[in-house]
Amino acid sequence: MGKKRFGLGKGKTPGKERKETEAEQQPQAGDTETVGSREISIFKSIERFMSRSGRNSPTISPSTVPSEKNLSTPAEQGVERIVREQPSTKGLATQSSQQIFSNASDFEIRNAEVNNIGGDQINIVNNYAIGEVALTKLKGELQPVLNPVQKTDECLEGTRVQLLKDLCNWVVKPESKLAWVFGIAGTGKSAIAVSLAQRFRAMNDDLKLALTFHCVKGQETSKVSSLVPTICYHLAKVFPEYRVKLAQKFEVDASLNSIGLPLQQQIETLLDRTLFYSQSTLKVVIIIDGLDEWGSSNEWKILSESLIALCFQFNWFRVVITSRPQTEVDKAINASVAVETFDLMKRYHADEDIHLVLTEGLKKPATWSIVGSHIEKLVEKANGLFIWAKTVQTFITGGMDEIGRLQLILGLPGEDVEEGNPYKELYILYAGILQESFQSPKDQSHFRNVMAVLFAVMEPVSPTVLSKLMGSNSPWVVEKILHVMKALVYERDGKLYYHLSFKEFVTSSLASDGFSCQLPICHQFVLNNCMSILKKELKFNICDLESSDVKNASVKNPPLQDRIQEKVGAHLQYSCMHWATHLDRAGNRADEILDSVGDFMNGKWLIFWLECMSLLGRMYNLKENLSSIALWAKSIEDTKIEDLAVKAARLMNAFTLPLNESTPHLYVSALSMVSQLNWFDIVRKHLKKGVQIENFDLSSQLLTINAKSEVTSVACSPNGRNVVSGSSDQTVRIWDTETGKQVGEPLQGHTDYVLSVAYSPDGKHVVSGSSDQTVRIWDTETGKQVGEPLQGHTDYVWSVAYSPDGKHVVSGSSDQTVRIWDTETGKQVGEPLQGHTHYVRSVAYSPDGKHVVSGSDDQTVRIWDTETGKQVGEPLQGHTHYVWSVAYSPDGKHVVSGSSDQTVRIWDTETGKQVGEPLQGHTHYVWSVAYSPDGKHVVSGSSDQTVRIWDTETGKQVGEPLQGHTDSVWSVAYSPDGKHVVSGSSDQTVRIWDTETGKQVGEPLQGHTDYVRSVAYSPDGRHVVSGSSDQTVRIWDTETGKQVGEPLQGHTDYVWSVAYSPDGKHVVSGSSDQTVRIWDIETGKQVGEPLQGHTGYVQSVAYSPDGKHVVSGSSERTVGMWNTQVLHDQAFTSYAHSPPNEPCNIDSQGWLHTLQSDSKLILWLPPNVRGGFADSRQVLTIPSNANDFAVKVDWSNFVYGENWIQMWKDKD
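Residues numbered from 1 in each chain as written. Predicted model: local features only at pLDDT ≥ 70, side-chain atom pairs only at ≥ 80, totals over all residues. Heavy atoms only, no water.

Going by an unreviewed UniProt entry, the protein carries the name WD40 repeat-like protein and comes from Tetrapyrgos nigripes.

Examining the overall build of the protein
On a plain count of helices and strands, the protein comes out with 34 helices and 53 strands. Across the 1212 residues in the protein, those meeting the buried criterion constitute 54%. (Helix = DSSP H or I, 4+ residues; strand = E, 2+ residues; numbered from the N terminus. Buried < 20%, exposed > 50% of the residue type's maximum accessible area, 1.4 Å probe, protein only.)

A closer look at the nonpolar core
Soluble, globular proteins show a tendency: their nonpolar side chains are buried together. Counting residues in hydrophobic clusters, the biggest one holds 149 residues, and the most contacted among them are Phe502, Trp579, Trp609, Tyr667 and Leu1163. Among all residues touching Trp609, those that are not within four sequence positions of it are Leu538, Cys576, Trp579, Phe600, Leu622, Asn625, Leu626 and Ile629. In terms of nonpolar packing, the next biggest core, distinct from the first, is built from 57 residues, Val238, Phe250, Ile288 and Leu303 among them. (Core = buried A, V, L, I, M, F, W, Y, C linked by side-chain atoms within 4.5 Å. Contact = heavy atoms within 4.5 Å.)

As for the sheet that holds strand S51 (residues 1161–1164)
Within the open sheet, the three strands sit side by side as S49-S50-S51. Their pairing is antiparallel. Because the sheet does not close on itself, it has two edges, and the strands there are strand S49 (1144–1146) and S51. Taking each pair of neighbouring strands and ignoring which way they run, the sheet shows an average axis angle of 25°. Here strand S50 (residues 1151–1154) pairs with S51 via three bridges, running antiparallel. Looking across to S51, one finds that Trp1151 is bridged to Trp1164. In the packing of helix H32 (residues 665–674) onto the sheet, contacts are made with S50 and S51, and the angle to S51 comes to roughly 35°. (Pairing = 2+ DSSP bridges. Axes fitted to C-alpha atoms, helices over the stretch in contact; angles between N-to-C directions.)

A look at the pairing of strand S27 (residues 894–899)
With respect to burial, S27 is a largely interior element, five of its six residues being buried. Of the strand pairs in this sheet, strand S26 (residues 883–888) and S27 are connected by five bridges, and their pairing is antiparallel. Its bridge partner lying in S27, Ala887 is registered against Val896. Two successive antiparallel strands, S26 and S27, enclose a turn made up of five residues, where Gly892 displays a positive phi of approximately 75°. Bridging between S27 and strand S28 (residues 903–908) involves five bridges; their strand directions are antiparallel. Counterpart to Val895 in the pairing with S28 is Trp907. A loop of three residues connects S27 with S28, the two strands running antiparallel in sequence, and Gln902 in this loop sits at a positive phi of about 75°.

Observations concerning the pattern of salt bridges
Scanning all chains against the criterion turns up 20 salt bridges. Asp1210 is the partner of Lys604 in a salt bridge, and the nearest nitrogen-oxygen pair spans 3.8 Å. Between Asp858 and Arg862 there is a salt bridge, with its nearest N and O atoms 3.4 Å apart. For the pair Asp858 and Arg862, one class covers both residues: buried. (Salt bridge = Lys/Arg side-chain N within 4 Å of Asp/Glu carboxyl O.)

A closer look at the packing of helix H16 (residues 375–382) against helix H18 (residues 402–410)
At a minimum axis distance of 11 Å, the contact between H16 and H18 shows a crossing angle of 50°. On the basis of the axis angle, H16 is oblique to H18. Once H16 is placed against H18, the crossing between them reads as left-handed. The residues of H18 that touch H16, namely those facing Lys377, Leu378 and Lys381, are Leu406, Ile409 and Leu410. (Parallel < 35°, antiparallel > 145°, perpendicular 65-115°, else oblique. Left-handed = near helix turned anticlockwise from the far one by under 90°.)

As C-alpha cells, then:
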C-alpha cells in the first residue's frame, strides 16, 4: 500500500488544496499540551462567563488536565476513538469508518485481523469517501465563503521580522489563546496576516493553519452571517470527527439554518464543544484579518468573547485577529488573561522596515544615486505608514520623470492639514499626486467621474462595470485614469480597490475643488446611469426560460446560473440590486431625478426589474428597495410613485415564496391574479393571457405562522423584521416576518402560560409575563434569559411593557398591583402601585416614560406617576366589564382601552374624560388594543374572531373586519411603520395583516351514546336518519325501530345536522369538525372526501330539490353550496380546481401542481384563496368573503408550461 496524504481530495494537488482551504492534511502526532496554572487560576471567572452565555463551562482542574504523554501512536488513537464512542449516524455513513486511523499519515495493514469490539461493521476502504460525503453536506448547510478575497501582498523580506518572530513564538506557547495585532489604517496589517499565514504553514510539526479570513467591506467576507460558518467548514476539514458530528447535527435538525442564526447562536450551535474531542495532538490556528471591516462593535464583542471562551475550552485552539484599534479586542471578558496585544504603533515602530521597503522599491541604477540620499527624509514623511511608502514607491517608479516626481514628494507642503492628524503626511501625499497627474480641467473632470462611481458603488466592481456605470462609451478613458491612478487604486481578482484613507481624503474638505467629490452627487451620478442601463437592457423573459412548470433550481440545458451569467451582465445585476440605494443616498435632488424614476416606475421596466430580482434570488433586497422608493416618493410628495412602490411591495409580500422558487410565476400567478385589481396600468396594457378568479382580492393577511399552541400575546420588533409570541406551552418564540419561520429555539424558562410579551426599544431584549407569577427578560441575540426572573407578584402576570428608554419594565398582575422593575439590576423600583380592586390585566408606559396606564377587572383604567408611584387623578370609568387592554397614543395625550363590554374607548389623559362615543362593532369581548404609530388609528382584537381598525378622529371602523382567525384574538400590535398589524389567537396561529387593504313514533330508537342533535325522514318515510354528539350518523327502520346496518362513522366531533337526498340514496351530515360528509345508505360508506371549507361548526345541511347540490350553514355565519356530482366521478383523485385534463393538488406551500410523479407547477395560490381552490365541489359561499370562500375559475385564457411566454406582449 503506497503512501497516502490524508485530507487531500481525489485528484487535488497539495498546493491547490492549500490555496482553497489551507487545510490539506490531517493533524500529525504530537505531544498534548498541558493546561498551565494560569488557566486554573482563572477557571472560576471563565465558568461564570460560560454560564452567563448559556454554554457549558470548560472543565479545567488539575484532575482533568490532559497528560503531556501521547495516548499512543496515531493509528492506535484512531482505533481507541472507535472503541470509546460510536455515535448515531442517521443519514450518513457510520463514524466508525471515518475515524479509524484518522490521525495517521502513513500506514498499512498486512496479514492482520482487526477486532471490532463495538460490533459495528468497519470498512476501511471507504474511509475517505465517508468524509467527502459529510464535507459535501456541510458545504451546502454552512454556505461558507468558498472564494474569499485572497490578499497576496506580504511583508517584504527583512521587514516585520521581530513581530513575525514574536507571533510564531506566541502560537506554540501552552498558555496562548488569542493574539490581537492592531494599528491605524496603512500600518500593513493585511501584509502581516499574509506573511504570518505563510510562516504558520511551515510549522507543520507544531500547528495546523485552518483558515485565513480577510474581511473586506462590500465583499462576502464582510457579512456577519458568513464568518462563523466558514470557520466551522475549515475546522471540519481538519477534524474528521467534528466533520461527521456537525453533519449529523444538520441531519437531525432539518430546520437548522446556519446563515439565518444570530451570531451568538451560530457560535453556540455550530462550535458546540461536544462536537469536538477535547484533546488534539497539535495546535490549530485561524487568522481573521481586518475585523474592523466586519460587523459592528456589539458583534466584535460577541465574537471576541466567544473565541476566547473556545480557546479556554480547547487548549489546542489559537486565534490571531488584525484590526484597527477601535475593535477593542482587549476589552472583552477575560481578555486580560487570554489576549496578547501586538501594537503596531508603539511596540513595533516601522521606520527601519519602511526604510527597507523604500530602498528596495526605488533602487534603480539610473536614479538611485539621487534617490538614495533622500530615503531618510521619505521615511520621516511616511510616519510609520506602509501605505504612504507603497504609494510613493508606485508613484515615483510609474512615471517617466522619476527624479521630478521624487522632488515633488519631498517638496510637498504641510500647512493644509491640521496638526495632530495621524494621516497628515498621507493626505499631503494624495493631494500632490493628484495635482501632478491631472493638471487640465478636462482631466480633472474625468478623474471626478471615475472616482464618483468608485466611491459610490455598494460593492467592489470590475473596470468594465465601472466604465458602464459611468455611462461612458469610451472605456479607454477609464483605462487611462486607472493607469495614472495605479499608485492609489489597484485591481485584485478582477475588482477595483482603494485604501479607505484615499476616499476619506477626496470626499473631505481637504481636497481641492478640482478633485473633491461630494458623495450625494456621486450617488446621483451612478443612479442616473443605473436608470439608463435598466431601461436599455431589461426585457421580458430575459433568461429565455422555456417553461413555467418547473422551479428555477430545476432549469436545465443550460442551468439558470449559466443563463444569468450570459444574459444578465454584472453591470445590469449591480443596477438591479442597488439603484434604489443610490436614490436614497442622492440627497434632496428630487427635481433632477424625478423624471427618470417616474418613467421607470410607470413603465414596463418596473415589471422586468421584479423579474430580474426574482432570477437573482434577491427578493428580500427587492422588498427593502421598494420600501426605500416609497419613502423617497413620500418625502417629495409624489403620490403616484409612492402608490406604485407600495403596491409592488404588497405584490412581493404576497408572492415572495413563488418568486423565490419560479420566476415565470411573476406573470403566470402574481400578475395574472392582480391584473383583476387594476393596480398597474402597464400590466393591463401588456399582459394578454392569464387565469381569471372571480372576485379575486389579495388578502390583507400577509402571513400565517403556525405556532402549534395557543398564542396569548404578540409584539413586533422595532425594525419590523421579527414578531415575538407568548404561548400556553410556556414558551416565548421569535418569528421571522419574511419567512414565517421560527428564529432559533423557543425561549424556555417559564413554568406556566406566557400571558404577555414586549420588545425593548432597541430590539435587543424581550420581556415576558406569565401565570408562574414571574417576569423574565430575554436576550434576542442569544435566546438566553438575562439574569434571574423578576419575582414579587403573588398571582398571574397579565401584562408587561418596557419604558421608552429601556431601563425599566412595568408589569400588571392578578394580585391587583402594578410593579416597576429595573432591567439592569432586576430589582423592583419602589413599592407596588396599589389601587385596583381586581386583577390588573394590562399595563403600558407613556411615551415620555413618566406615567403608566393600567386596565383592570374592576372595570377601570388608572394612570400612575412612575416617579412617586401615586395614582394620577381619579380612575377613568365608563366600561361595564373587565378592561383587558390599554395603550398610550404616540403623543401621550390619549389612552385607548378594550373591554369585555365589547367596546373600545379613548380617554383624554389630561381631563380623565372619555373622548367621543365608545367604538362599537365587536360582537364579543375585546381582548387587546393598540395605537398606530401616527396615532390616527387603533387596532382591536376580540373573541368574535376578528381584528378591527378604527379611525381615532371619527370613531368609525375602517373597512371590513380582518377575518381569518377561527378563535378568539387575544393580542394585536402595529408594526413600527404602521403598515401592518400582527395578531395572536386561540386558533394557535399568529397572523400578519396589511392595514392598507384591510331539528317519537313507538319506542325510542336507542343506540346513540350522546345527545341526538338532528333527525330526518327518508323520502319514502321508511327510514329515519339521526346525527349525534357521539360523532355518528345512524339509520333506523321506522317499521321495526331497529338500526339499519352499522353506524356511519367518520366525523371527529358532534354531528349537528343530517338530511336525505331527494332520491333517498344518500345522506348528508354536518358536524362540529367543520366538515360536510355524504354517505351511501346502501353500503354505509362515505362518498368521496369530506367537503371542507367551513371554519366553524356546520350546524345545518340540506339537499337541493334536484339532488345536485348540498347547502350548509356554519357557526362562522357563512352558507356554503357544494356540487355533489363531482363526488360520483371515481376518476377524480383530487377536487382542486384544475385546468382542463390536468387534475391537480395543492401542496403545503400553496403550489397548485399536477398529480404525476414528475409534477408540473400550474399556479401559486395566496393563502386566502387556497381553501376554496382546493375543493371545486364548493360552488357558493354566503357571504362571498367568508373564510375558504368558494371560487369560480375561468381557465379559458390561461397559458402555462411551454406556452407561458404568450402571456406578455411588448407591442400594443
